[in-house]
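Geometric and topological summary
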Amino acid sequence: MRTRHSKIPQRLLHGIAACALPTAIAVGAPAHAQTAANGDAEAIVLRPLSFFKVNDLDFGSIIASNTAGTVRIAPDGTRSASGGAALAGGNAEPARFAGLGTYNRQVNIALSPHNIWITGPGQRMRVRDFEIGSTPTAILSTSPVRFRIGAPLGNYNFPVGATLYVNANQAPGDYSGTFTITLNYL
C-alpha cells in the first residue's frame, strides 16, 4: 500500500523515450532511410489455485490540517474524507487482487493484520477497517469472509479498500506500509 502522486512504471518511461527518439530521426531523414525500435511485451500465466496483486491500495493525495481526520477508499473506488483531512487530486484506488481457481469453488479470505501502520517523513498513520469487495467473478459473503468463484474459466479478481487515520498537522511526504491477504481454497 502506498500513497503517491503518480504511478508510471520506470520501464514504461524508458520505452516511451526509446520510441520517441527513432520517430524523430525518421521524420527528419530522407524517404529511403529506415529505423527500428524495440518494445516490451509482458504476460502473466497463472497456475491453478494461485493469486497475485494487480495494484496497491492508494489513498491518493491528501491535505492535512491542524485537526485529525480520515480518508476512506471503498472497494468500488469511491473516496471520502472526514474531520481535518481534505482530498486533493483524483489518483486514489483500492488494492486489487486476481487469480485462478475453479468455477463455483469457495475461497476463504484472511487479512492480517486487521490494522497496520504506514510510515514516512512524519508521524506514522494507522490504516484499518479493511473492506473486501465483491465482483462478478468473486461473489463475496461476509460471514465468514469468503467468495465463490463465479467465472466459468475459474479466473477472479476482488478489490480491497480501507480507512486511513490522518494525524493533526501530519507532515507532507510519501507514506507506505504492507498488509497481507491469504486465500484458502476450499
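Cut-off values and rules
Throughout, residues of each chain are indexed from 1 in the direction in which the sequence is written. Totals for whole chains, interfaces and linings use all residues, but because this is a predicted model, local features are given only for residues with pLDDT of at least 70 and pairs of side-chain atoms are given and counted only at 80 or more. Calculation of side-chain values draws on the structure's entire complement of heavy atoms; hydrogens and water are dropped beforehand. In summary, the pairing rule links any two rings of Phe, Tyr or Trp, Trp by its six-membered ring, whose centres are within 6.5 Å, and it sorts them by plane angle into stacked for under 30 degrees, edge-to-face for over 60 and tilted for everything else. Working definition: helices are DSSP H or I runs of at least four residues, strands are E runs of at least two. Numbering for both runs from the N terminus. To sort residues, take the accessible area from a 1.4 Å probe on protein chains only and compare it with the maximum for the residue type: under 20% means buried, over 50% means exposed, and anything in between is partly exposed. Each ring is checked for a lysine NZ or an arginine CZ that lies within 6 Å of its centre and within 35 degrees of its normal; such an atom marks a charge sitting over the ring. Just to be clear on terms, a salt bridge is a Lys or Arg side-chain nitrogen sitting within 4 Å of an Asp or Glu carboxyl oxygen. Here, the term nonpolar core denotes a set of buried Ala, Val, Leu, Ile, Met, Phe, Trp, Tyr and Cys residues that are joined through side-chain atoms within 4.5 Å. Note on definitions: a residue-residue contact is assigned when non-hydrogen atoms from the two residues lie within 4.5 Å. A residue's pLDDT is the confidence the predictor assigns to it, expressed on a 0 to 100 scale. Any two strands between which DSSP finds at least two bridges are classified as paired. Helix axes are fitted to C-alpha atoms over the stretch in contact, other axes to C-alpha atoms as well, and angles between N-to-C directions run from 0 to 180 degrees.

Scanning the entire structure with this criterion turns up 7 aromatic pairs. Consider the rings of Phe147 and Phe158, whose centres lie 5.4 Å apart with planes at 45°: the pair is tilted. Taken together, the residues Phe147 in strand E11 (residues 145-149) and Phe158 in strand E12 (residues 155-166) connect sequence positions 11 residues apart. Accessibility assignment for this pair places Phe147 and Phe158 in one class, buried. Among the aromatic residues, those joined into a cluster by ring pairs are Phe51, Phe97, Phe130, Phe147, Tyr156, Phe158 and Phe179. A cation over an aromatic ring shows up here: Arg124 above the ring of Trp117, its NZ or CZ 3.8 Å from the ring centre.

A few words on the pattern of salt bridges. Per the stated rule, a full pass over the model turns up 3 salt bridges. With a shortest N-O distance of 2.8 Å, Asp56 and Lys53 are connected by a salt bridge. Lys53 sits in the partly exposed class, given a relative accessible area of 47%.

Once that is clear, we can look at the nonpolar core. Phe130, Phe147, Phe158, Val160, Phe179, Ile181 and Leu183 are the most contacted members of the largest nonpolar core, which totals 31 residues. Taken together, the elements giving at least two residues each to this core come down to strand E3 (69-73), strand E6 (95-100), strand E7 (106-112), strand E8 (116-118), strand E9 (125-132), E11, E12 and strand E13 (180-185). Broken down by element, the residue count for this core peaks at 6 residues, all from E12. Not counting residues within four places of it along the chain, the set of residues in contact with Phe147 comprises Arg105, Gln106, Val107, Ile109, Ala138, Ile139, Leu140, Tyr156, Phe158 and Leu183.

Let us look at the confidence of the model for the protein chain. The predicted coordinates of low-pLDDT regions are not to be read in fine detail. In this model, the protein chain carries a mean pLDDT of 82, and residues with pLDDT of at least 70 account for 82%. This model gives residues 1-31 a pLDDT under 50, and the stretch forms 43 contacts once residues within four places in sequence are excluded.

Moving on, we get to the environment of Pro48. Within the secondary structure, Pro48 sits in the loop between helix H1 (10-28) and strand E1 (50-55). Take Pro48: its relative accessible area is 60%, and that puts it in the exposed class. Separated by 51 residues in sequence, Pro48 and Gly99 have C-alpha atoms that sit 8.2 Å apart.

Glancing now at unusual backbone geometry. In this structure, Asn104 takes a positive phi of about 70° despite not being glycine. Its location among the elements puts Asn104 in the loop between E6 and E7. Assessed through its relative accessible area of 41%, Asn104 is described here as partly exposed. Notably, Asn169 is not glycine yet its phi reads approximately 55°, a positive angle. Among the structural elements, Asn169 can be located in the loop between E12 and E13.

Relative to strand E4 (residues 79-83), E3 is paired through 5 bridges, and the arrangement is antiparallel. Across the sheet, Gly69 pairs through a bridge with Gly83, a residue of E4. Linking E3 to E4, which pair antiparallel, is a turn of 5 residues; within it Gly77 sits at a positive phi near 95°.

Overall, antiparallel pairing links the 4 strands, which are arranged E10-E11-E7-E13 in an open sheet. The sheet is open, and its two borders are formed by strand E10 (138-142) and E13, each paired with just one other strand. The sheet shows a mean angle of 30° between the axes of neighbouring strands, taken without regard to direction.

Once that is clear, we can look at the pairing of E9. Relative to E9, E8 runs antiparallel, the two sharing 3 bridges. Note that in E9 the partner of Trp117 across the bridge is Arg126. Pairing of E9 with E12 involves 5 bridges; the strand directions are antiparallel. If you follow Arg128 over to E12, its bridge partner there is Thr163.

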